[in-house]
Amino acid sequence: MPRDIPIVWLLGRTGAGKSSLIRVLTGLGAIEVGNGYAPCTRTSQSFDFPAEQPLVRFLDTRGLGEAGYDPGEDLAACEGHSHAVMIVARLDDPVQGEVAEALQTVVQRRPGMEILLVHTGADLLADRSMQERARAANQKRFEGAAGRAIPDVIISLPQGANPQEDELAALKDALVETLPNAGLALRQEAVTDAESRAFSEVRQTVLLYSGMAGGSDALPILGLFSSTGLQFTMLKKLGDHYDVPVTLALARNFLSLLGVGVGGRLLGSVALRQGGKLIPGYGQTAGAVAAGAFTFVATYALGRTACRYLYTLSIGGTPSREDIQATFRDALKRAGQQHDH
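It should be emphasised that the depicted structure is a prediction, and the values quoted were computed from it without experimental measurement.

Asker: Is there a simple way to think about the overall build of the chain in this case?
Answerer: If you tally the helices and strands in the chain, you get 12 helices and 7 strands. Counting across all 341 residues of the chain, residues that qualify as buried make up 52%. Relative to all contacts within the chain whose residues are 6 or more apart in sequence, the contacts with residues 24 or more apart total 71%. When the accessible surface of the chain is split by element, carbon and sulfur atoms take 54% of a total near 15,400 Å².

As structure tokens, this is what we get:
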């Protein structure tokens, strides 16, 4: 499996709503999701989205109801990828012991793993106070297993229907915060004018190169140079799309519009994350994951901003420093990062 595909690892009991979550996140039908699964390990199956050029992989663990489930093989399937665990727990199902045990083992072996808790079945408990009690019980159990606080969302999954729009938006926002690679691939952006329409045609290219840059960031120092090369290649590819040849002079002009302040903070953050990978122990787990995730976000913001820059040139306009910097800050914010990172 290519290193650039982020993995969302779904942990939950049978009937918790894992397939339904994939359906609403991808916008696919139940039959498409059902037919899209492929065997991955002895205890899991995978679902790639989109099928032709995958930007995200869902890993659905099937063995949580089996005595003595060992997540080691599934952990190995995630090795080298930017990934997160999505705990899926129905509010009306208090039996979550095996899920909590699996999570505890995962966290012990991979401390840097990001975790998101999704409480499903909000539509099955009509009484709001019952929902809150069940939610609090789930939260306490899984945070105890993880040994830290876990962000959570609550969602309804009515049979054959979609959840409420605000619930789905909250879920996608939480996924962007937890794993930007996957969250951005699953969250569509509004098309409001000619420029955003042009970007929608090339957005998948930006996501693909961002994923490759983040995936290349697995080794200290070397990742910095490989990701930089991929970013320049992305710019040239985007230039082909907008029919604006990307030369070194044009690239320098684009970066000069970004400004020393923006570029300096970006390079400083990259350097800190690269340095973190040199720390023994931490660097092989949380440090590498953080570096890859940030490189993805930085590359995405760079690509989104380059698209506005190239579009402006393609229609005979002159890109302004204010517009370019505002686009970059907005792209970082949409990718789950504060504008001053």
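Next, the rest of the story.
Asker: Just checking my understanding: could you explain the sheet that holds strand β3 (residues 44-49) for this structure?
Answerer: Two orientations exist for strands paired in a sheet by backbone hydrogen bonds: parallel and antiparallel. Reading across from one edge, β2-β3-β4-β1-β5-β6-β7 is the order of the 7 strands in this open sheet, with mixed pairing throughout. The sheet is open, and its two edges are formed by β2 (38-41) and β7 (152-154), each paired on a single side. Taking each pair of neighbouring strands and ignoring which way they run, the sheet shows an average axis angle of 25°. The sheet contact formed by strand β1 (residues 7-11) and strand β4 (residues 56-61) spans 4 bridges and is parallel. Looking across to β4, one finds that V8 is bridged to F58. Its contacts with the sheet put helix α1 (residues 18-26) on β1, β3, β4, β5 (83-90) and β6 (114-120), and the angle it makes with β4 is roughly 165°.

Asker: Teacher, can you tell me more about the layout of surface pockets here?
Answerer: It is the rolling of a water-molecule-sized probe over the atoms that shows where space remains empty. Estimated volume of the second largest pocket: approximately 440 Å³. Looking at the lining of the second largest pocket, the elements with two or more residues in it are α8 (194-215), α11 (286-314) and α12 (321-334). Looking at the lining of the second largest pocket element by element, the count peaks at 8 residues for α8. Tallied by class, residues from the lining of the second largest pocket come to 10 nonpolar, 6 polar and 9 charged.

Asker: What is the right way to read the packing of aromatic side chains from this model?
Answerer: Remark: the centre distance and the inter-plane angle together describe each pair of aromatic rings, the angle taken between the planes. Tallied over the entire structure, the rule returns 2 aromatic pairs. Between the aromatic rings of Y37 and F47, the centroid separation amounts to 5.8 Å while the plane-to-plane angle is 65°, which identifies the pairing as edge-to-face. One end of the pair, Y37, is in the loop between α2 (30-36) and β2; the other, F47, is in strand β3, with 10 residues separating them in the sequence. Residue classification places Y37 among the buried positions, given a relative accessible area of 17%. The class of F47 is buried, set by a relative accessible area of 3%. Between F254 and Y309 the ring centres are 5.1 Å apart and the planes differ by 50°, which places this aromatic pair in the tilted class. With F254 in helix α10 (residues 248-276) and Y309 in helix α11, this pair connects stretches of sequence that are 55 residues apart. Residue classification places F254 among the buried residues on the basis of a relative accessible area of 2%. Relative accessible area serves as the criterion here: at 3%, Y309 is assigned to the buried category. R304 extends its terminal NZ or CZ atom over the ring of F199, reaching a point 4.0 Å from the ring centre.

Scoring rules and cut-offs
Residues numbered from 1 in each chain as written. Predicted model: local features only at pLDDT ≥ 70, side-chain atom pairs only at ≥ 80, totals over all residues. Heavy atoms only, no water. Helix = DSSP H or I, 4+ residues; strand = E, 2+ residues; numbered from the N terminus. Buried < 20%, exposed > 50% of the residue type's maximum accessible area, 1.4 Å probe, protein only. Contact = heavy atoms within 4.5 Å. Areas by Shrake-Rupley, 256 points an atom, 1.4 Å probe, with all protein chains shown as cover. Pairing = 2+ DSSP bridges. Axes fitted to C-alpha atoms, helices over the stretch in contact; angles between N-to-C directions. 1 Å grid on protein atoms, 1.4 Å probe; cavity = no way out; pocket = protein on both sides within 12 Å on 5 of 7 lines; lining within 4 Å. Points joined across faces, edges and corners; volume = space filled by probe spheres on them. Nonpolar A, V, L, I, M, F, W, Y, C, P; charged D, E, K, R; others polar. Phe/Tyr/Trp six-rings, centres within 6.5 Å; stacked < 30°, edge-to-face > 60°. Lys NZ or Arg CZ within 6 Å of the ring centre and 35° of its normal.

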